[in-house]
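# Notes for the structure review
Below are the chains, spelled out letter by letter.
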Amino acid sequence: MSPKHRGRVAVLVLLKNPSANPWTVAGAALVGRKGEELKPLPLWHTGPIRTGKAGGRVVVELEAAPTEARGAYTLKLWDAEGRTVAIGRVTFP
């Protein structure tokens, strides 16, 4: 499919950091039930997420054909140290 026929989907995630060390998103992937992976465009984030009441925002935007972004996915986020966050049941209409 040519790029002009692809659309975009986005996920806004609000994260709180339970660790004493700051957490900065370094990568993301949206993984489908059959293991297929949608790679994101450059991530948007508010910077390091520190411990405390206020969380940090991460926006994951993906280029995907309408048929690619259907169904339930797991969103995986990680930092440079390999600490991972997985959020299941991410769905798009």
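First things first, this report covers the structure right here in the doc. (Residues numbered from 1 in each chain as written. Predicted model: local features only at pLDDT ≥ 70, side-chain atom pairs only at ≥ 80, totals over all residues. Heavy atoms only, no water.)

## A word on the sheet that holds strand β7 (residues 84-92)
- Strand order in the open sheet formed by four strands is β3-β2-β6-β7, and the pairing between neighbours is antiparallel. Lying at the two open borders of the sheet, with one neighbouring strand each, are β3 (37-38) and β7. (Pairing = 2+ DSSP bridges. Helix = DSSP H or I, 4+ residues; strand = E, 2+ residues; numbered from the N terminus.)

## Looking at the nonpolar core
- Judged by nonpolar contacts, the single largest core of 20 residues is most densely connected at L15, L30, V60, L75, L77 and F92.
- Going through the elements one at a time, β1 (7-15), β2 (25-32), β5 (56-64), β6 (71-79) and β7 are the ones with two or more residues in this core.
- When neighbours within four sequence positions are excluded, V60 is seen to be in contact with V9, A10, V11, A28, P40, L43, L75 and L77. (Core = buried A, V, L, I, M, F, W, Y, C linked by side-chain atoms within 4.5 Å. Buried < 20%, exposed > 50% of the residue type's maximum accessible area, 1.4 Å probe, protein only. Contact = heavy atoms within 4.5 Å.)

## Let's talk about the pattern of salt bridges
- Counted according to the given criterion, the structure contains four salt bridges.
- With its nearest N and O atoms 2.8 Å apart, the salt bridge here joins E37 to K39.
- Accessibility expressed as a relative area gives 57% for K39, which makes it exposed.
- Its salt-bridge partner being R83, residue D79 comes within 2.6 Å of it at the nearest N-O pair.
- Look at R83 and you get partly exposed, because its relative accessible area is 23%.
- When salt bridges that share partners are traced, they join D79, E81 and R83 into one network. (Salt bridge = Lys/Arg side-chain N within 4 Å of Asp/Glu carboxyl O.)

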